[in-house]
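Now for the letters of each chain:
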Amino acid sequence: MHRKKQETDTYVLGTIHPFRKSHRSVFGKFAQEFCLVASDRRSWRILLFGALNVICTVCLLMWCNSTNSMVTVVTVKKLFLSSLITCLISSWVTMKKPSPAYSFGFERFEVLAVFASTVLVQLGALFILKESVERFMEQPEVHTGRLLVGTFVALFFNLLTLLSVKNKPFVYVSEAASTSWLQEHVADLSRSLCGIIPGLSSVLLPRMNPFVLINLAGALSLCITYMLIEINNYNAVDTASAVAIALMTFGTMYPMSVYSGKVLLQTTPSHVIGQLDKLLREVSTLDGVLEVRNEHFWTVGFGSLAGSVHVRIRRDANEQMVLAHVTNRLCTLVSTLTVQIFKDDWIRPSLMTGSLPMGMLGPSDYSGPPPAPKPLDALDPLTSTPAKASSPPPEFSFNTPGRNVAPVMFSHGLTRPGSGLGVGIGLGAGAGMASTQNFRTAFSAAPHRYVFILTGPRL
């Protein structure tokens, strides 16, 4: 009994695993998330059109083998453009909430889905180009029995899917990405056509939907191929049309893949930089804000920005008030914002730590006792400079002659010009030696001391 209890205690006190690993397989996780998406009624339309596109793809593949046409294969490849996988992922993203592992949410999954779809279509176009070059060497005979039927069936299902199901990620990318060369050429024709029929401006201007445009261009190429093969039995036009459609597809998808790739690289969109600069200038003019620095903004998903900024404020400013004003200004454009507020510090860190550069005085050096006054005996009466008997006289002192200049002689009866006014210069103590004593103008240490005495007018 005691042994059984001991074994139980040992089992309880074993290794603790706070984060238990899920034993569910990848297929099980996928099934769980798919059931989550399918539970929403808004996803039922997406699943319905997805099933219709799968049936259409199977039929076109069967007709492709019977007609031996290269253009039909390209038309099947275009079905990936209207693929509803990205739309399902977008619906799944709206249902998921941010988690500790994905603090910014799951919006980057739809960006990754758009990037993968566009790159996959471009790879398919390159594969068609490679097959077309090989087919130019030996052009087989093309049967036109089901060629025109497959064209209109593919066009109908593609347009029905594009217009019935709102694919938010692809719509946003098509509007935000740069214009493709096919859209630019069609835009010139659209302006001329809208000048004749103004009612078409809402559809054709400012630029046409790239997915509708590539479907119409492919259908037009198939119609031209059918006519040339039926009239002139010119089978090589089928391969030429396949090359043209592949080039148009690649040119249409390239700007979208570039834009979604920049979003994955967490760059700032070019069309938002001007608005961000304007908001940062407004923030720098707020009351109490001294400096805005270390700002960094990047794209999390389509239409959502994240950013962080450091704001330096005055010491007497209210941190919460400044934080509220800064957030109110930037939240109109940046959905996820991190603002760090710190007050201005007037004290140098070097003065607080005590490590000062060489030659700099610290606070303690200014608070010391005042220097002792110099004795009167050490000062010269005329220049107020210390007189040291052991040191030689200075070379220059107050713009006076130097050592190599002859000394100036003062006589006993020396008078200044203007002495007629009664102001004279006499000599005090030791005046009897004034006629024979030589003086340097620096008045250095000497055995006798002379003082100038100003006498008033004689009465």
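Refer to the structure above for everything that follows.
The sections below set out a description of the structure shown in this document. (Residues numbered from 1 in each chain as written. Predicted model: local features only at pLDDT ≥ 70, side-chain atom pairs only at ≥ 80, totals over all residues. Heavy atoms only, no water.)

## Structural notes on the environment of Val186
Position of Val186 relative to the elements: it lies in helix α9 (residues 181-196). Judged by relative accessible area, which is 19%, Val186 ranks as buried. Remark: the alpha-carbon pair of Val186 and Leu205, spanning 19 residues in sequence, is separated by 9.9 Å. When near neighbours in sequence (up to four residues on either side) are disregarded, Val186 contacts Met208 and Leu213. (Helix = DSSP H or I, 4+ residues; strand = E, 2+ residues; numbered from the N terminus. Buried < 20%, exposed > 50% of the residue type's maximum accessible area, 1.4 Å probe, protein only. Contact = heavy atoms within 4.5 Å.)

## Quick word on the sheet that holds strand β3 (residues 336-343)
Pairing within the open sheet is mixed, and its 3 strands lie in the order β1-β2-β3. Both outer strands of the open sheet, β1 (289-301) and β3, are each paired with one neighbouring strand and no more. Geometrically, the sheet is characterised by an average inter-axis angle of 10° between neighbouring strands, direction not taken into account. The pairing of strand β2 (residues 304-313) with β3 spans 8 bridges and is classified as parallel. For Gly307, the partnering residue across the bridge sits in β3 and is Leu337. Its contacts with the sheet place helix α13 (residues 270-284) against β1 and β2, and it is angled at close to 150° to β1. (Pairing = 2+ DSSP bridges. Axes fitted to C-alpha atoms, helices over the stretch in contact; angles between N-to-C directions.)

## Considering the environment of Leu159
With respect to the helices and strands, the residue Leu159 is situated in helix α7 (residues 147-164). Considered as a pair, Leu159 and Asn215 are 56 residues apart in the sequence and their alpha carbons are 7.8 Å apart. If we skip the residues at most four places from it in the chain, Leu159 touches Val212 and Asn215.

## With respect to the nonpolar core
Val311, Val322, Val326 and Leu330 are the most contacted members of the largest nonpolar core, which has 20 residues in total. No other element matches α13, which puts 5 residues into this core. Each residue touching Val322, except ones within four places of it in the same chain, is listed here: Asp287, Val289, Val311, Ile313, Ala317 and Ile341. The next biggest cluster of nonpolar side chains, apart from the first, holds 19 residues, and it includes Met70, Val71, Val186 and Ala246. (Core = buried A, V, L, I, M, F, W, Y, C linked by side-chain atoms within 4.5 Å.)

## Considerations on the pattern of salt bridges
Two side chains that carry opposite charge are able to pair once their charged atoms sit near each other. In the structure shown here, the tally under the stated rule is 11 salt bridges. A salt bridge links Asp40 to Arg42, with the nearest nitrogen and oxygen atoms 3.0 Å apart. Classification of Asp40 by relative accessible area gives buried; the value is 15%. A residue is classified by how much of its surface remains accessible, and Arg42, at 64% relative accessible area, is exposed. Lys130 is paired through a salt bridge with Glu134; the nearest N and O atoms lie 3.4 Å apart. Taken together, the residues span about one helical turn, with Lys130 and Glu134 both in helix α6 (residues 107-137) at a distance of 4 residues. Lys130 gets classed as partly exposed once you look at its relative accessible area, which sits at 41%. Beyond isolated ion pairs, a larger network of salt bridges with shared partners links Glu291, Arg293, Arg312 and Asp344. (Salt bridge = Lys/Arg side-chain N within 4 Å of Asp/Glu carboxyl O.)

Take it as geometry only, folks, not as evidence of what the structure does.
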